[in-house]
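Chain by chain, the residues:
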2 protein chains.
Amino acid sequence: MTVSKAEIRSGAYYDSVVLMQLQRALSALPGVDDAGVVMGTEANKELLVQVGLSTPELQAAGAEDLVIVVAAQDADAAREALDQVDDLLARRRQDAEQDYRPKSLESAAQMMPNARWVLVSVPGRYAAGVTRQALNLGKSVFLYSDNVSVDDENTVKQTAAEKGLMVMGPDCGTAIINGVGLGFANHTRRGSIGIVAASGTGLQQVSARIHQMGGGITHAIGTGGRDLSTSIGAVTARQGLDLLRRDAATQVIVVISKPPSPKVADELVKEARQARKPVIVNFIGHSTASRRVDNVYFATSFDETAELAVQLASSVPSMDSVSDAEIEAFAPTQRYLRGLFSGGTLAYEALLILQDYLPAVYANIPLKDEFRLEDSLVSQEHTIVDLGEDEFTVGRLHPMMDNDLRIRRLEQEASDPEVAVILLDVVLGYGAHPDPASELAPVIAKARAQAEKAGRYLGVVTVVVGTDEDPQDLKAQVEQLQAAGAHVEMSNEVAVRVAGRLVQALLPKSEIPPLKPVDLDVLHQPLAALNVGLETFNDSLIAQEAQVIHVDWRPPAGGDEKLMSILERMKRS
Amino acid sequence: MTVSKAEIRSGAYYDSVVLMQLQRALSALPGVDDAGVVMGTEANKELLVQVGLSTPELQAAGAEDLVIVVAAQDADAAREALDQVDDLLARRRQDAEQDYRPKSLESAAQMMPNARWVLVSVPGRYAAGVTRQALNLGKSVFLYSDNVSVDDENTVKQTAAEKGLMVMGPDCGTAIINGVGLGFANHTRRGSIGIVAASGTGLQQVSARIHQMGGGITHAIGTGGRDLSTSIGAVTARQGLDLLRRDAATQVIVVISKPPSPKVADELVKEARQARKPVIVNFIGHSTASRRVDNVYFATSFDETAELAVQLASSVPSMDSVSDAEIEAFAPTQRYLRGLFSGGTLAYEALLILQDYLPAVYANIPLKDEFRLEDSLVSQEHTIVDLGEDEFTVGRLHPMMDNDLRIRRLEQEASDPEVAVILLDVVLGYGAHPDPASELAPVIAKARAQAEKAGRYLGVVTVVVGTDEDPQDLKAQVEQLQAAGAHVEMSNEVAVRVAGRLVQALLPKSEIPPLKPVDLDVLHQPLAALNVGLETFNDSLIAQEAQVIHVDWRPPAGGDEKLMSILERMKRS
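About the cut-offs
- Residues numbered from 1 in each chain as written.
- Chains lettered and ligands numbered in written order.
- Predicted model: local features only at pLDDT ≥ 70, side-chain atom pairs only at ≥ 80, totals over all residues.
- Heavy atoms only, no water.
- Helix = DSSP H or I, 4+ residues; strand = E, 2+ residues; numbered from the N terminus.
- Rg over C-alpha atoms; globule rule 2.2 N^0.38 Å.
- Contact = heavy atoms within 4.5 Å.
- Areas by Shrake-Rupley, 256 points an atom, 1.4 Å probe, with all protein chains shown as cover.
- Lys, Arg positive; Asp, Glu negative; His and termini not counted.
- Charge placed at Lys NZ, Arg CZ, Asp CG, Glu CD.
- Pairing = 2+ DSSP bridges.
- Axes fitted to C-alpha atoms, helices over the stretch in contact; angles between N-to-C directions.
- pLDDT = per-residue confidence, 0-100.
- Buried < 20%, exposed > 50% of the residue type's maximum accessible area, 1.4 Å probe, protein only.
- Salt bridge = Lys/Arg side-chain N within 4 Å of Asp/Glu carboxyl O.
- Polar contact = N/O pair within 3.5 Å; in protein donor to acceptor, adjacent residues only side chain to side chain.
- Core = buried A, V, L, I, M, F, W, Y, C linked by side-chain atoms within 4.5 Å.
- Phe/Tyr/Trp six-rings, centres within 6.5 Å; stacked < 30°, edge-to-face > 60°.
- Lys NZ or Arg CZ within 6 Å of the ring centre and 35° of its normal.
- Parallel < 35°, antiparallel > 145°, perpendicular 65-115°, else oblique.
- Nonpolar A, V, L, I, M, F, W, Y, C, P; charged D, E, K, R; others polar.
- Left-handed = near helix turned anticlockwise from the far one by under 90°.
- Least-squares fit on C-alpha atoms with pLDDT ≥ 70 in both.
- Expected span 1.5 Å × (residues − 1).

### Considerations on the overall build of chain A
So, point 1. Scanning chain A for helices and strands turns up 20 helices and 22 strands.
So, point 2. For a compact globule of 573 residues, the expected C-alpha radius of gyration is about 25 Å, and chain A comes in at 32 Å, more than 25% above that figure.
So, point 3. Overall, chain A is about 100 × 55 × 45 Å in size when its C-alpha atoms are taken along their principal axes.
So, point 4. Contacts spanning at least 24 positions in sequence make up 71% of the contacts within chain A whose residues lie at least 6 apart.
So, point 5. When the accessible surface of chain A is totalled, it reaches about 22200 Å², and 50% of it is carbon and sulfur.
So, point 6. A distance of 5 Å separates the average location of the 53 positive side-chain charges in chain A from that of its 77 negative side-chain charges.

### Some details on the sheet that holds strand S2 (residues 32-39) of chain B
To summarise the sheet geometry, strands pair through backbone hydrogen bonds and adopt either a parallel or an antiparallel arrangement.
All names here are of chain B.
So, point 1. Taken in spatial order, the 3 strands of this open sheet run S1-S3-S2, and their pairing is antiparallel. In the strand order of this sheet, the two ends are held by strand S1 (3-9) and S2, each with one partner. Put simply, the sheet's adjacent strands are angled 10 degrees from each other on average, direction ignored.
So, point 2. Bridge count between S2 and strand S3 (residues 66-72): 7 bridges; the pairing is antiparallel. Residue pairing across strands places Ala35 opposite Val70, the latter belonging to S3.
So, point 3. Helix-sheet contacts for helix H3 (residues 75-83) involve S1, S2 and S3, and the interaxial angle to S1 is about 25 degrees.

### Some words on the confidence of the model for chain A
So, point 1. Taken as a whole, chain A shows an average pLDDT of 91; of its residues, 95% reach a score of 70 or greater.
So, point 2. For this predicted complex, the interface confidence score (ipTM) comes to 0.83, while the overall pTM stands at 0.83.

### Re the pairing of strand S17 (residues 383-386) of chain A
Two faces belong to every sheet, and in a regular strand the side chains alternate between them.
All names here are of chain A.
So, point 1. Of the two faces of S17, both are covered, the one formed by Thr383 and Val385 as well as the one formed by Ile384 and Asp386.
So, point 2. Summarising the sheet, strand S15 (residues 336-341) and S17 pair through 4 bridges and their orientation is parallel. Following the sheet pairing, Phe341 is matched in S17 by Asp386.
So, point 3. Judged from the 2 bridges that link them, strand S16 (residues 362-363) and S17 form a sheet pairing that is parallel. In the strand pairing of S17, Ala363 is matched with Ile384.

### Remarks on the pattern of salt bridges
Residues and elements named next belong to chain A.
So, point 1. Inspection of every chain in the model, using the stated rule, returns 68 salt bridges over all chains.
So, point 2. Arg497 is the salt-bridge partner of Asp356, the closest N and O atoms lying 3.1 Å from each other. Here Asp356, found in the loop between helix H13 (344-354) and S16, pairs with Arg497, found in helix H17 (residues 492-504); they are 141 residues apart in sequence, far enough to count as distant.
So, point 3. The buried category is assigned to Arg497, whose relative accessible area is 7%.

### Considerations on the side chain of Gln23 of chain B
So, point 1. Among the structural elements, Gln23 of chain B can be located in helix H1 (residues 16-27).
So, point 2. For Gln23 of chain B, a relative accessible area of 12% corresponds to the buried category.
So, point 3. Reaching out from Gln23 of chain B, the side chain makes a polar contact with the side chain of Asp404 of chain A at a distance of 3.3 Å.
So, point 4. For Gln23 of chain B, the residues in contact, after removing those within four places along its chain, are Asp404 and Arg408 of chain A together with Ala35, Gly36 and Val37 of chain B.

### Considering the nonpolar core
So, point 1. Counting 218 residues, the largest nonpolar core has Leu182, Ile195 and Ile384 of chain A together with Leu182, Ile195 and Ile384 of chain B as its most contacted members.
So, point 2. Once residues lying within four places of it in the same chain are set aside, the contact partners of Ile384 of chain A are Gly339, Phe341, Ala347, Ala350, Leu351, Leu354, Val361, Tyr362, Ala363, Asn364 and Leu423 of chain A.

### Structural notes on the packing of aromatic side chains
So, point 1. Per the counting criterion, the structure on display carries 12 aromatic pairs over all chains.
So, point 2. Relative to Phe537 of chain A, the ring of Phe184 of chain A lies with its centre 5.9 Å away and its plane at 85 degrees, an arrangement referred to as edge-to-face. Taken together, the residues span a long stretch of sequence, with Phe184 of chain A in the loop between strand S8 (180-183) and strand S9 (190-197) and Phe537 of chain A in helix H19 (residues 535-543) at a distance of 353 residues. Residue Phe184 of chain A shares its accessibility class with Phe537 of chain A, and that shared class is buried.
So, point 3. Among the aromatic residues, those joined into a ring-pair cluster are Tyr144, Phe184 and Phe537 of chain A.
So, point 4. The ring of Tyr357 of chain A carries Arg273 of chain A above its face, with NZ or CZ at 5.2 Å from the centroid.
So, point 5. Lys258 of chain B extends its terminal NZ or CZ atom over the ring of Tyr348 of chain A, reaching a point 4.8 Å from the ring centre.

### Here's the deal with the packing of helix H14 (residues 404-414) of chain B against helix H15 (residues 436-453) of chain B
When two helices pack together, their arrangement is given by the angle between the helix axes and by the axis-to-axis distance.
All names here are of chain B.
So, point 1. It is the contact of H14 with H15, at a shortest axis distance of 10 Å, that shows an interaxial angle of 10 degrees. Put simply, H14 runs roughly parallel to H15. The residues of H15 that touch H14, namely those facing Arg406, Ile407, Leu410, Glu411 and Ala414, are Glu439, Leu440, Val443, Ile444 and Ala447.
So, point 2. Per-class residue counts for the contact of H14 with H15 are 7 nonpolar, no polar and 3 charged.

### Examining the interface of chain B and chain A
So, point 1. Listed per partner, the contact involves 105 residues of chain B and 105 residues of chain A.
So, point 2. Seen at the junction of chain B and chain A, the total is 8 salt bridges.
So, point 3. Asp402 of chain B is the partner of Arg24 of chain A in a salt bridge, and the nearest nitrogen-oxygen pair spans 3.6 Å.
So, point 4. Summed over the shared surface of chain B and chain A, the result is 51 residue pairs in polar contact (both at pLDDT 80 or more).
So, point 5. Taken together, the residues that form the side of chain B that touches chain A break down as 41 nonpolar, 40 polar and 24 charged.

### Describing the side chain of Lys157 of chain B
All names here are of chain B.
So, point 1. On the secondary structure map, Lys157 appears in helix H7 (residues 150-163).
So, point 2. Within polar-contact distance, the side chain of Lys157 engages the backbone oxygen of Gly169 at 3.1 Å.
So, point 3. Separated by 3.2 Å, the side chains of Lys157 and Thr236 make a polar contact.
So, point 4. Filtering out sequence-adjacent residues up to four positions away, Lys157 remains in contact with Val167, Gly169, Thr223, Asp227, Ile232, Val235 and Thr236.

### A few points about the packing of H13 of chain A against H17 of chain A
All names here are of chain A.
So, point 1. The geometry of H13 relative to H17 is characterised by a closest axis approach of 9 Å and an angle of 45 degrees between their N-to-C directions. Taken as axis vectors, H13 and H17 run oblique relative to one another. Relative to H17, the crossing made by H13 is right-handed. Across the interface between the two elements, Leu346, Glu349, Ala350, Ile353 and Leu354 from H13 touch Asn492, Glu493, Val496, Arg497 and Gly500 from H17.

### Considerations on the relation of the copies chain B and chain A
Relating the two copies of this chain is a rotation about some axis coupled with a shift parallel to it.
So, point 1. Once turned by 180 degrees and shifted 0.0 Å along the axis, chain B lies on chain A with an RMSD of 0.0 Å. Here the symmetry operator amounts to a two-fold rotation axis. Of every C-alpha in chain B, the one belonging to Ser287 of chain B sits nearest the axis of rotation, 2.6 Å from it.
So, point 2. In this assembly the copies share their binding face: 100% of the residues contributing to the interface of chain B also contribute to that of chain A.

### Brief notes about helix H6 (residues 124-136) of chain A
Residues and elements named next belong to chain A.
So, point 1. The terminal C-alpha atoms of H6, which comprises 13 residues, lie 19 Å apart, in line with the 18 Å expected from a rise of 1.5 Å per residue.
So, point 2. Looking at H6, one finds that the buried residues are Gly124, Tyr126, Ala127, Ala128, Val130, Thr131, Arg132, Ala134 and Leu135.
So, point 3. A positive phi of about 80 degrees marks Gly138, the residue just after H6.

### Quick look at the sheet that holds strand S4 (residues 117-120) of chain B
All names here are of chain B.
So, point 1. With parallel pairing, 5 strands are arranged side by side in an open sheet as S6-S5-S4-S21-S22. A strand with exactly one partner marks an edge of an open sheet, and here the two such strands are strand S6 (167-168) and strand S22 (547-551).
So, point 2. As judged from the 2 bridges shared by strand S5 (residues 140-143) and S6, these two strands associate in the parallel manner. Paired with Val141 across the bridge in S6 is Val167.
So, point 3. Contacts from helix H6 (residues 124-136) reach S4, S5, S6 and strand S21 (528-532) within the one sheet, and its direction differs from that of S5 by about 160 degrees.

### Re the environment of Gly129 of chain A
So, point 1. Of note, Gly129 of chain A is situated in helix H6.
So, point 2. It is 9.7 Å that separates the C-alpha atoms of Gly129 of chain A and Pro556 of chain A, two residues lying 427 residues apart in sequence.

### Observations regarding H17 of chain A
Residue and element names in this part refer to chain A.
So, point 1. For H17, with 13 residues, the first-to-last C-alpha span of 18 Å sits near the 18 Å given by 1.5 Å per residue.
So, point 2. Most of H17 is tucked away, with 11 of its 13 residues classed as buried.
So, point 3. Taken residue by residue, H17 has Asn492, Glu493, Ala495, Val496, Arg497, Val498, Ala499, Gly500, Arg501, Leu502 and Val503 as its buried positions.
So, point 4. For H17, the N-terminal cap is Ser491; the gap from its side-chain oxygen to the backbone nitrogen of Glu493 is 3.2 Å.

If you want it as structure tokens, here you go:
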């Protein structure tokens, strides 16, 4: 019959590696069936009950108490095992203390003044304190610890931002800085893809998949899982994005987070659109209507993210937008887009895509009822009209066959001094007008000339839907429209985005106040770090031939909570 | 000064091509500035006012009246122009009536008994009647007309479905049947991509883009824009999908619709998943959490749809699912999936992906609060546990470093007779356990052996997150896990989908009652059609060298609404 015996130690602090090793050593002792060594939280006590490692006295243990349970073949074996706890702990400590180790972060920092990073993996309740110390020493922090409050996260990130430093975390599992993995990190090829991730295993999965697909990583910056929440406001993600934007070696940027607060997401995407590099955004499982908005690509799965990143890194697409010259040609009165469509679904797609560029677009087939045109015959602000809607086709040919209605409307829109850009579809094929460009091109040319005479510039963007085997002669159609001064695209999406970018450039600018830039040296200098907490992280930096000093950290006041809070208050005042 | 004169003709019917030609002929007369020839709907009258073509008496015209307005340099010129209306109309009729044309659909059908299709483009109020006639003659219908009621659409589609016939439309702009374009259609290369579309210009844009990218089309079936609404229930889309599934030449299927009713969309996607061909679904602008579920791909833009289709057609991926043998090995008690994750975001991605396979998955990090585990230590039905959550890591190493907790839970799950599949992540890299497979593989092997002894089959699916440069020796890790009988994948998504398919196969089946199949001959026979309505559609079939007979259709009872409804009632009774 198995006999369980337990011991509770109050106020004792040991690193979790030590606890795991003690548990394993106890389990291996003669006559011992199983052992448990944990802090006495409710969850841990319940776990002990579940695996048959509980004794009645354990229920008295608190979250700050160390609980040691041994299940043995008899009472003697159990007692003997517990008697060896101190010996086993002492043996462990001896192993670890062969080298000289500084007892405080301050002295470690003096030993390695070029260290720009501090790795913090102490228990959650001590983590914010150690982070503050590191920031005061001018170091950026990789904060692995979890169980850190949102308030503490907010304070340390604000402090960091003011100093031009970063806090990756709390609960930041993974980062790769200048080729060196921090926390849990896969060894990946160096390359041209930079990552900002509010998800440790997400970062690992994407970077490992990138490596497997032949791509490589410049830097991978973790932010902690809550960084993109409203309370934190993506401070670290914004810093990371900005660093990678400025880092010349990074050609493609990946941003990973669980679905963030819509406002925070919105602002981060706005910044990504200014990056002048391809940015792949993966708000995990959060679907977006557009999969690409100019330089920003939206992916939903890790595999897709990695595939896109490798593909874009191997042939970085041109990030050209519409020409500045064209935008400057508009008169100050000109603001609005008017889209006159013959194809209903092309009009609908235009409305969807324009959401990426304009706050509101009115239509006779609006996405939301509040943007329904009061009168389909009269445009309001930005407007898309589907001229093939039932209301226009009673006893009248479809506008793909008869251009009359569209020509009249085009002339009307072009003479409006507030109109900047006109967007048209020209649909070829059987059944359609035999030569639509012959009727539309002269009207476009005339409208543009009249606008010019009135001191305005009229942008005209057209999509031609057709093939080189259509009866209309695709090439001649395109040439006629181009000769009239229209942009001609073969894809509705591309045409709408050109029009969208032109009109978006005329919107009043709304700037997000920038953060103080973090010095690129945090990425570019050979990694040197001070490690406070788990020794395994120290070991893995050594294995990667990075400079590291492990701090022989002990909780302040020997882990006594009351004394600790008094000390903390004294320091702050 | 311009003088406008108008004429109103009641009860007269002319096809809209005739009206357009009359308007152009009037505008070209000497002394005439502009002319309008339209049916007297409110929208049309407003349009006339807007272009300065209105006279006070026009306001009396009703929607069934033909309105003719002429703006001329003087009253004489205007009057003279109006005097020529009958001549101009007669001239037009003469041109058109050179060949013998049957006056009724019935006699046309006798002239061309092999015609399987009737093209209907008469004004909306007559369209359902003509469609019923066609169905009674055993013909499928391409119904271009708009302004047809939902009730009429429903009735004709139900009638068609019962007869194994199709009605594409109403408001169906485009179709390509056996290489021949109906309505508005681009001339595209023949190929291996089939399309079902509830959007005319969507179909045109996608088929034109496919052609531009080097791909080709087998058949493109239009459904009309309302087909995927709840009232219609996707009758035509389901028929189309089923036809293309059975059509050997179609290797990739594209389904296009504006965002449909969620229920209808759900059912259509379920049918698509049974197609055993790649199906690309584009519910225009409707975003989905997954971009691919087994053989079904979700695209949001037309360009992306075309790109995917061409890509998949050039290398059709294997549509293999998990092996039937493995599914048959499960005991009848076995039903549930248990995922034990060390990576939080991998667990989260698993929950997202499993939505494609299972109705509900419980978790300690659930997608919806109703699926939160009552106790993280006890699984319920399908369960995913993130063992790296804060609740498990107080004073305990992360499960990426210490396998103890996971091993205990794995043993517990494996002994549950309701558990069918266990899903695990194994995360390699710096900081992680130096040899996780050496601890996990023996436990997996033992659990599988014990299940076998108890007459069960335990499926174990693992994802290994790592690279060949990781310190753990990726190859050895994979081999140990495979030797223990686990599926091993390098992508979390792929691993989760394997697990999902295994467990989904154990769910009770829910079948959608199938529709009567439409004979593949509607696609495979050389296209032969009867055309009722717009002559331009007749002309374009002739241009494409298809067999066609144009019916010299006139509205019943000369367009007299009351008489018409009496006639209709007499026919039905």
